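# Structure at a glance
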Amino acid sequence: QVRVVESGGGLVQPGGSLRLSCEASGRTEYSMAWFRQAPGKAREFVAIASPGGTTNVADFVKGRFTISRDGRKNSMALQMNSLKPEDTAVYYCAADLAYGRIAIQHQADYWGQGTQVTVSS
């Protein structure tokens, strides 16, 4: 069973920054992505990175959020800048062998427990 663990959430003021990290266990290299879910709203796709470094971010965070893979296998980060109150949500990391399954279908085989991000003054 693949274990996915997020870290780095917290409380930040509007305009501030946070960096989320995610690691997935296992020797297979996965495409990894971030989703988020605000109270009373559906889960939404935020960003994805393939093992080879191909990335894509949702339009509503483009220019503010950056997703990246580091040198370690199945390790990824989401740098969030210029945060807004509407970015408040639980952020989930997901991993899957198929990039398209995450990017297009917004589905994944493996999910983390989520980390809370709260943007408030």
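Here's a quick rundown of the structure. (Residues numbered from 1 in each chain as written. Predicted model: local features only at pLDDT ≥ 70, side-chain atom pairs only at ≥ 80, totals over all residues. Heavy atoms only, no water.)

### Some details on the overall build of the protein
The line we're drawing: Elements are defined by DSSP. Helices are runs of H or I of four residues or more, strands are runs of E of two residues or more, and each kind is numbered from the N terminus. Only C-alpha atoms enter the radius of gyration; for comparison, a globular chain is expected to reach 2.2 Å times N to the power 0.38, where N is the number of residues. The cut-offs for exposure are 20% and 50% of the maximum accessible area for each residue type, with area from a 1.4 Å probe on protein chains only; residues under the lower value are buried, those over the upper are exposed, and the others partly exposed. Contacts between residues were defined by any pair of non-hydrogen atoms, one from each residue, lying within 4.5 Å.
A count of helices and strands for the protein gives 1 helix and 11 strands. Reading the helices (α) and strands (β) of the protein from amino to carboxyl end gives β-β-β-β-β-β-β-β-β-α-β-β. Compactness check: the protein gives a C-alpha radius of gyration of 13 Å against a globular reference of 14 Å for 121 residues, within 12% of the reference. The 121 residues of the protein split such that 41% are buried. Across the protein, the fraction of contacts at a sequence separation of at least 24, relative to all contacts at a separation of at least 6, is 58%.

### Considerations on the pattern of salt bridges
To keep it simple, the criterion reads: By definition, a salt bridge exists where a carboxyl oxygen of Asp or Glu is found within 4 Å of a side-chain nitrogen of Lys or Arg.
Throughout the structure, instances matching the rule amount to 6 salt bridges. Across the pair Glu 44 and Arg 36 runs a salt bridge, and its minimum N-O distance is 2.7 Å. Connected through shared salt-bridge partners, Arg 36, Glu 44, Arg 64 and Asp 87 make up one network.

### Description of the sheet that holds strand β8 (residues 75-80)
The strands that make up a sheet are held in pairs by hydrogen bonds between backbone atoms, and each pair lies either parallel or antiparallel. Operational definition: For two strands to pair, DSSP has to find at least two bridges joining them. Structural elements are reduced to axes, namely lines fitted to C-alpha atoms, with helices fitted over the stretch in contact, and the angle between N-to-C directions of any two is expressed from 0 to 180 degrees.
Across the sheet, which stays open at both edges, the 4 strands sit in the order β1-β3-β8-β7 with antiparallel pairing between neighbours. The strands lining the two open edges of the sheet, one partner per strand, are β1 (4-7) and β7 (65-69). Ignoring strand direction, the axes of neighbouring strands in this sheet form an average angle of 15°. Pairing of β1 with strand β3 (residues 18-24) involves 4 bridges; the strand directions are antiparallel. Among the inter-strand pairings, Val 5 is bridged to a residue of β3, identified as Glu 23.

### A few points about the packing of aromatic side chains
So the rule is basically this: Side-chain rings of Phe, Tyr and Trp (the six-membered ring for Trp) are treated as a pair once their centres are within 6.5 Å; stacked means planes under 30 degrees apart, edge-to-face means over 60, and tilted covers the remaining angles.
For the coordinates displayed, the defined rule picks out 3 aromatic pairs. Geometrically, the ring pair formed by Tyr 30 and Tyr 110 is edge-to-face, given 5.7 Å between the ring centres and 75° between the ring planes. Taken together, the residues Tyr 30 in the loop between β3 and β4 (31-37) and Tyr 110 in strand β10 (residues 110-111) connect sequence positions 80 residues apart. For Tyr 30, a relative accessible area of 7% gives the class buried. Residue Tyr 110 is classed as partly exposed on the basis of its relative accessible area of 21%.

### Structural notes on the side chain of Asp 87
You can see Asp 87 is positioned in the loop between β8 and β9 (89-96). Those residues in contact with Asp 87 that sit more than four places away from it in its chain are Arg 36, Arg 64, Phe 65, Ser 82, Val 117 and Val 119.

### Digging into the environment of Ile 67
Take Ile 67: it is sitting in strand β7. The exposure class assigned to Ile 67 is buried, which follows from its relative accessible area of 6%. C-alpha separation for the pair Ile 67 and Ala 49, spaced 18 residues apart in sequence, amounts to 6.7 Å. Every residue in contact with Ile 67, bar those within four places of it in the chain, is listed here: Met 32, Trp 34, Ala 47, Ile 48, Ala 49, Thr 55, Val 57, Met 76, Ala 77 and Leu 78.

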